[in-house]
Each structure stands twice: as C-alpha cells, then as structure tokens.
Amino acid sequence: MINKIPWWLGGILMALLLLFTFSVFGANRPIGASTYVPYFAGIIFDLDPQKYTYLKEIHKPGSWEGVMLLGVLFGTFINALFITKTFRFTVLPAAWKKYKNNSVVSRLIWSFIGGFFLIIGARLAGGCTSGHFLSGMTQTAFSSMIFGAVVMVTLVITGKLFYKETKDV
Amino acid sequence: MYDKDTSMLERILSMFQTVQDEEHGSVLLVFVIGMVFGSIIQYTKVHKFEKIAGFAMLKDTVVPKMLFLAIGLASIGLFFMIQLGWASYHVKPILLGGLIIGGIIFGASMAIFGKCPGTGPISVAEGRIDIMVGAIGGIFGGLVFTLFYEQFKTIMGTNLGNLTLSGYFPDHQGITALIFGLVLVAISFAIPLLEEVDEDDIGYQK
C-alpha cells in the first residue's frame, strides 16, 4: 500500500485542494487552521461567546475550521492505523534526540511552551501556515507575504540558535 | 456538572449547525476537505518534526519546496477562477504589529515545537505524546488570547488595508498573477532537495 508521496505530487494535490475549497463548487472560502484553537478553548473553558468579543468574532470561521479539524483527525487517524502504519505512542522525535537532547521532560516542557506561543503568534498575525502561507499568498496578499517572510527568517534563526549542529558523542 | 456537560455538547452541536447554516459547504464536505488536507500532509510527511524543525535547521527542504509549489500553482489557478466568477478574494488585512510580532513568535515556536497549527493535529492522530502536550499548550494560548484580546489588539496596530500584489497592477492583473506563480514554482524547484531521516523512513526503505 502507498504510504508516502513525493513533495511535488503533494504540492500539486494541495494546490488542487486549495482551488476546490476557494471555488463556489467547494466552500467559497480559504483554508485556515488556527482559529479553531481559541474556538475550542472557548468551549472547553466554558466561556460565554456573548461576553468575549473575540469568541463572537471567530464564531463562524471557528466552527468551519472545527469541523475541518475533526476531518483531519479522523482521516489521518484511520490512515495511520491501516495504511501508513505510523500510529504509535512516542514522546521524543528522532531529530530532537539527534540535535537537542534525550530528555522527555525537556521535550514536553518545550512542546507546551511552543504550542502555547504558536497560537498566540498565529492569532496576533491573523493566520498561520494554512491561512497566511497557503491561502493568503495564493491571493498575492501583502499581509501574507509579510508574515511569510518574518516567519521564515525567525524560523531559521531559531533553528540555528536552539539546536546543536550534531549531537556531542 | 451535568449542566456543564450539556452546555459543552450543545456548543459542539451548534458548531455543526453553524457550518450547515453557512454558505461554505455542507458539514460533510468540510469534514472531507479536512480528511484530504490531512492526508496530503500525512503522505508527504511534512508534518514530521524532522521536516519542520529540520527546515529550521536547514537540513530538510521538503516543507518550503512543497509550500512554494502549492502556492505558485494555486495562485495562477485562483486568478483565472476569480476572472470566471468561480471564486472570490478573501484577503487578510495588513496589521503590521500583529504580522511582525505575531510572525516572530510564530516562527520561533514553530522551530522549537516542530509543528504548526495545521500539522500538529496529524501528529496527535498518530499518537505523538509531545504534540498532545503542545496541543494543550495551544488551547491555553487560545484561552489567553481570548481573555486578553483587548490588550493584544493594541499590539496588532491599525488596518493598512487588504492589499494584494495583483491589485497593485490593476491593468496587468493576469500577467502579475502568472509571473508571481511561475516565480514561486521556479523557487520551489530551485531549492535543493535535502531530507532529514526520521524513524518512519527506516521502515519505509525496507
């Protein structure tokens, strides 16, 4: 069974999915994947959308992305179990061990911090890799190009500072 | 307790109802878009820590190659679809403070976490415990942003408009979109292909 496709095929398929989602035959809107997080936070912490301006603002896109997210989780879980066979419980990524450390505690703390600020950053910018990079730059939006450039530069600088070249033996 | 559970259930049901009442595809269609979106990422493995943190370390270039190719092709297609009336623009505003400060925070977090909000859920579905912990961190990030939205808004700055590159050349929109798309496709192929090995690859190569 196929469990991997090359990047160029993935790029073509992603372009087709973006176009379908944009089109009136699809959803007539862009793909986004970070608004669902505060949307679900509102549900989990039982915040009243009438009281919080932000929850009111994201009610519709949050719902749309929430349903899309359930599709992502369901589809990739089924794939991982039966097709790609990539489902297993692990804590440390191979490259974390190679370029950072072997500490589970360190990885979990950094993951929590990373996840926390990832969402703060995405919501400040009004989008993420999906909403800005994929959907925004597809429309040649200046906002998305600014975001894209800042993210790429910061990503590479952080990668250089945070990780070791190779693991000390 | 019972009341809290019902209200959460009601809100989840209202999520489906909201999508059903909108003109942005049926619940089933949106769910399937999610399945396809997740599968494309999963099969190309661009959600792996080795691919995203690997890109941050410049040891893996599959993420930028695929991103630029997808954006390049889609930008050409989208322009002509808009001309035909099959789609419309949904451009995000320029809020310089939000884009720059948010972009710095986002880029640094992405390098350390090795995920973004669209790729994280796939790793959660594959049983990655570190990413589940990060997702909980993300939920708290969403909570803090919601609670302090007024304060965050002051950092985001004023709206400088929902401007686009093709809108900058109103008489040459088609050629602008075409050149923009072709340049991105060219960049995508020009980036040398580097791949950082991850544990799943070992099984795959057997």
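Residues numbered from 1 in each chain as written. Chains lettered and ligands numbered in written order. Predicted model: local features only at pLDDT ≥ 70, side-chain atom pairs only at ≥ 80, totals over all residues.

**Quick notes on the overall build of chain A**
Here's step 1: Within chain A, the secondary structure is distributed over eight helices and zero strands.
Here's step 2: The N-to-C order of helical and strand elements in chain A reads α-α-α-α-α-α-α-α.
Here's step 3: The principal-axis extent of the C-alpha atoms belonging to chain A is close to 55 × 45 × 35 Å.
Here's step 4: Counting across all 169 residues of chain A, residues that qualify as buried make up 58%.
Here's step 5: Counted over contacts in chain A with a minimum sequence separation of 6, partners at least 24 positions apart contribute 52%. (Helix = DSSP H or I, 4+ residues; strand = E, 2+ residues; numbered from the N terminus. Buried ≥ 20, exposed ≤ 12 C-beta atoms within 10 Å, placed from the backbone. Contact = placed C-beta atoms within 7 Å.)

**Details of the overall build of chain B**
Here's step 1: Helix and strand counts for chain B come out as eleven helices and zero strands.
Here's step 2: Each helix and strand of chain B, placed in order from N terminus to C terminus, yields the pattern α-α-α-α-α-α-α-α-α-α-α.
Here's step 3: In terms of overall dimensions, chain B has C-alpha extents of about 60 × 50 × 35 Å along its principal axes.
Here's step 4: When burial is assessed residue by residue, chain B has 50% of its 206 residues classed as buried.
Here's step 5: Counting only contacts in chain B whose residues sit at least 6 apart along the sequence, the fraction spanning at least 24 positions is 65%.

**Considerations on the nonpolar core**
Here's step 1: Within the largest apolar cluster, 108 residues are counted, with the highest numbers of intra-cluster contacts made by Leu18(A), Met66(B), Ala70(B) and Ile71(B).
Here's step 2: Considering every element that reaches this core, the biggest residue donor is helix H4 (residues 62-83) of chain B, with 13 residues. (Core = buried A, V, L, I, M, F, W, Y, C linked by C-beta atoms within 7 Å.)

**Here's the deal with the interface of chain B and chain A**
Here's step 1: Contacts between the two partners involve 120 residues from chain B, matched on the other side by 116 residues from chain A.
Here's step 2: The element contributing the most residues to the side of chain B that touches chain A is helix H7 (residues 129-147) of chain B, with 17 residues.
Here's step 3: A class-by-class count of the residues in the side of chain B that touches chain A yields 75 nonpolar, 30 polar and 15 charged. (Nonpolar A, V, L, I, M, F, W, Y, C, P; charged D, E, K, R; others polar.)

**Observations regarding the packing of helix H8 (residues 142-162) of chain A against helix H3 (residues 49-56) of chain B**
Here's step 1: It is at 6 Å that the axes of H8(A) and H3(B) come closest, and there the two elements cross at 90°. As judged from the angle between their axes, H8(A) and H3(B) are roughly perpendicular. Contact residues: H8(A) offers Leu155(A), Val156(A), Thr158(A) and Gly159(A), while H3(B) offers Ala53(B), Phe55(B) and Ala56(B).
Here's step 2: A per-class count over the contact of H8(A) with H3(B) returns five nonpolar, two polar and no charged. (Axes fitted to C-alpha atoms, helices over the stretch in contact; angles between N-to-C directions. Parallel < 35°, antiparallel > 145°, perpendicular 65-115°, else oblique.)

**Observations concerning unusual backbone geometry**
Here's step 1: Located in the positive-phi region is Asn28(A), a residue other than glycine, with phi close to 55°.
Here's step 2: One can find Asn28(A) in the loop between helix H1 (7-22) and helix H2 (36-44).

**Some thoughts on the environment of Tyr52(A)**
Here's step 1: With respect to the element layout, Tyr52(A) can be found in the loop between H2 and helix H3 (53-57).
Here's step 2: Owing to 16 C-beta atoms within 10 Å, Tyr52(A) belongs among the partly exposed residues under this scheme.
Here's step 3: In this view, Tyr52(A) contacts Leu47(A) and Thr146(B); residues no more than four positions away in its chain are not counted.

**Here's the deal with the environment of Gly75(A)**
Here's step 1: Note that Gly75(A) resides in helix H4 (residues 59-82).
Here's step 2: Sequence separation between Gly75(A) and Gly42(A) is 33 residues; the distance between their C-alpha atoms is 25 Å.
Here's step 3: Excluding its chain neighbours within four sequence positions, the residues that come into contact with Gly75(A) are Gly34(B), Met35(B), Gly38(B) and Ser39(B).

**Some words on the environment of Glu195(B)**
Residues and elements named next belong to chain B.
Here's step 1: Secondary-structure assignment places Glu 195 in the loop between helix H10 (173-190) and helix H11 (199-205).
Here's step 2: In this structure Glu 195 comes out as partly exposed when scored by C-beta crowding, with 15 C-beta atoms within 10 Å.
Here's step 3: Those residues within four positions of Glu 195 in sequence are excluded, and the remaining contacts are Asp 60 and Val 62.

**Considerations on the packing of H3(B) against H4(B)**
Residues and elements named next belong to chain B.
Here's step 1: Viewed as axis vectors pointing N to C, H3 and H4 meet at an angle of 95°, and their least axial separation amounts to 8 Å. Overall, the two elements H3 and H4 adopt an arrangement that is roughly perpendicular. Taking contact as the criterion, the partners of Lys 51, Ile 52 and Phe 55 in H3 are, on H4, Val 62, Val 63 and Pro 64.
Here's step 2: Of the residues assigned to the contact of H3 with H4, the class counts are five nonpolar, no polar and one charged.

**What about H10(B)?**
Here's step 1: For H10(B), with 18 residues, the first-to-last C-alpha span of 25 Å sits near the 26 Å given by 1.5 Å per residue.
Here's step 2: Of the residues making up H10(B), those classed as buried are Thr176(B), Ala177(B), Phe180(B), Gly181(B), Leu184(B), Val185(B) and Ser188(B). The arc that holds the buried residues of H10(B), viewed along the axis, is 160°, so those residues lie on one side. Set apart from the buried face of H10(B) by more than 90 degrees, the exposed residues are Ile175(B), Ala186(B) and Ala190(B).
Here's step 3: Of the surrounding secondary structure, the elements contacted by the buried residues of H10(B) are H1 of chain A together with H4 and helix H9 (165-168) of chain B. (Expected span 1.5 Å × (residues − 1). Arc of directions from axis to C-beta.)

Coordinates in, geometry out; function isn't part of it.
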